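A structural walkthrough
Residue strings, one per chain:
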Amino acid sequence: AYIKNLISTLSNNLPDGSRLIIKGENTVEWNKVAEEKKIVIYRVLQELMVNMKKHSGAKLVAISFAKTGKYLEINYSDTGVGVPGGLIERGGGLQNVENRIFSLNGSINFESEAGKGFKVFLRIPV
């Protein structure tokens, strides 16, 4: 039920004319992921979608999930306008995303440049 609710929420945050592709969501044993971590994942992905809707104008968003050893890896990418000069400002939303991932002893990397979309790589111990 968790992953269905998550995908439904993410889909509902899409601007008209944009597509969401999700991969690997069924490779994760969600029932073995702590509730606190599932809430953080939900809020982080929701925030990324809100940012995308506000700033990027992306027509395509891809989110992939993979279990690698003791880690859950989540990769977000969109085809939006990207960030000029790759200077990603950690304003309210992205700062919250970073803090939430750090609270789980996870890691997060942002990657972007003008015209090349926006990518986020998350890694959380599970």
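This report concerns the structure included in the present document. Within any chain, residue numbers begin from 1 and follow the written order of that chain's sequence. The model is predicted, so local features are restricted to residues of pLDDT at least 70 and side-chain atom pairs to those at 80 or more, both for listing and for counting; the totals for chains, interfaces and linings are taken over all residues. Side-chain figures throughout are based on the complete set of non-hydrogen atoms in the structure, without hydrogens or water.

**Some remarks on the environment of Arg 90**
The line we're drawing: The helix and strand labels rest on DSSP assignments: H or I over at least four residues marks a helix, E over at least two residues marks a strand, and numbering proceeds from the N terminus.
Mapped onto the elements, Arg 90 comes out in the loop between β3 (71–78) and α3 (92–103). In this structure the C-alpha to C-alpha distance between Arg 90 and Phe 110, which are 20 residues apart in sequence, comes to 10.0 Å.

**Brief notes about the sheet that holds β3**
The condition is simple: In this scheme, strands are said to pair when DSSP sees at least two bridges between them. Axes here refer to lines fitted to C-alpha atoms; in helices the fit is confined to the stretch in contact. Angles between the N-to-C directions go from 0 to 180 degrees. Pairs of residues are marked as contacts when any of their non-hydrogen atoms sit within 4.5 Å.
One open sheet accounts for five strands, arranged β1-β2-β3-β5-β4; its pairing is mixed. Because the sheet does not close on itself, it has two edges, and the strands there are β1 (19–23) and β4 (107–112). Shown here is a sheet whose adjacent strand axes are inclined to one another by a mean of 10°, direction ignored. Bridging between strand β2 (residues 60–68) and β3 involves eight bridges; their strand directions are antiparallel. By the bridge assignment for β3, Thr 68 is matched with Tyr 71. The strands that helix α1 (residues 2–12) touches are β1 and β2; relative to β1, the one it contacts most, it runs at about 155°. Along the sheet face, helix α2 (residues 35–56) touches β1, β2, β3 and β5 (118–125) and points at about 10° away from the line of β3.

**A short note on the packing of α1 against α2**
Two quantities define a packed helix pair, namely the angle between the helix axes and the distance between the axes. Condition: The labels follow the angle: roughly parallel below 35 degrees, roughly antiparallel above 145, roughly perpendicular from 65 to 115, and oblique for the rest. Throughout, a crossing is termed right-handed when the near helix is turned clockwise from the far one, and left-handed when it is turned anticlockwise from it by less than a right angle. By the convention adopted, Pro, Cys, Tyr, Trp, Phe, Met, Ile, Leu, Val and Ala count as nonpolar, Lys, Arg, Asp and Glu as charged, and the other residues, Gly among them, as polar.
α2 packs onto α1 with a crossing angle of 15° between their chain directions and a minimal axis gap of 9 Å. Classified by the angle their axes make, α1 and α2 are roughly parallel. Two packed elements cross with a definite hand, and for α1 against α2 that hand is right-handed. Taking contact as the criterion, the partners of Tyr 2, Asn 5, Leu 6, Thr 9, Leu 10 and Asn 12 in α1 are, on α2, Lys 38, Ile 41, Tyr 42, Leu 45, Gln 46, Met 49 and Lys 53. When the residues that make up the contact of α1 with α2 are grouped by side-chain class, the tally is seven nonpolar, four polar and two charged.

**Things to note about the pairing of β1**
Which entries qualify depends on this criterion: Each residue is placed in one exposure class: buried if its accessible area under a 1.4 Å probe, protein chains only, is under 20% of its type's maximum, exposed if it is over 50%, and partly exposed if it falls in between. Whether a crossover is right-handed comes down to one check: with the strands pointing away from the viewer, does the path from the first strand over the helix to the second run clockwise; if it does, it is right-handed.
Side chains of β1 alternate between two faces, with Leu 20 and Ile 22 buried and Arg 19, Ile 21 and Lys 23 left unburied. In this structure, β1 lies alongside β2, joined through five bridges in parallel fashion. From the neighbouring strand, Ile 21 faces β2, where its bridge partner is Ala 62. Chirality of the crossover, the property in question, places the unit of β1, α2 and β2 among those that are left-handed.

**Let's talk about the packing of aromatic side chains**
For clarity, the threshold we go by: The aromatic pairing rule takes the rings of Phe, Tyr and Trp, using the six-membered ring of Trp, and pairs them if the centres are within 6.5 Å, calling planes under 30 degrees apart stacked, those over 60 edge-to-face and the rest tilted. We call a charge positioned over a ring when the NZ of a Lys or the CZ of an Arg lies within 6 Å of the ring centre and within 35 degrees of the ring normal.
A full pass over the atoms with the stated rule returns three aromatic pairs. Between Tyr 2 and Trp 30 the ring centres are 5.0 Å apart and the planes differ by 45°, which places this aromatic pair in the tilted class. Taken together, the positions of Tyr 2 in helix α1 and Trp 30 in the loop between β1 and α2 put the pair 28 residues apart, joining distant regions of the chain. For the residue pair Tyr 2 and Trp 30, the accessibility class agrees, reading buried in each case. Summarising the aromatic geometry, the rings of Trp 30 and Phe 65 are spaced 5.6 Å apart at their centres and angled 85° between planes, so their arrangement reads as edge-to-face. In this pair, Trp 30 sits in the loop between β1 and α2 while Phe 65 sits in strand β2, placing the two residues 35 residues apart along the sequence. For the pair Trp 30 and Phe 65, a shared accessibility class is recorded, and that class is buried. One aromatic cluster is present, built from ring pairs that chain together Tyr 2, Trp 30 and Phe 65. One residue, Lys 38, lies across the ring of Tyr 2, its end atom 5.4 Å from the ring centre. Just above the ring of Tyr 71 sits the side chain of Arg 123; from NZ or CZ to the centre is 3.9 Å.

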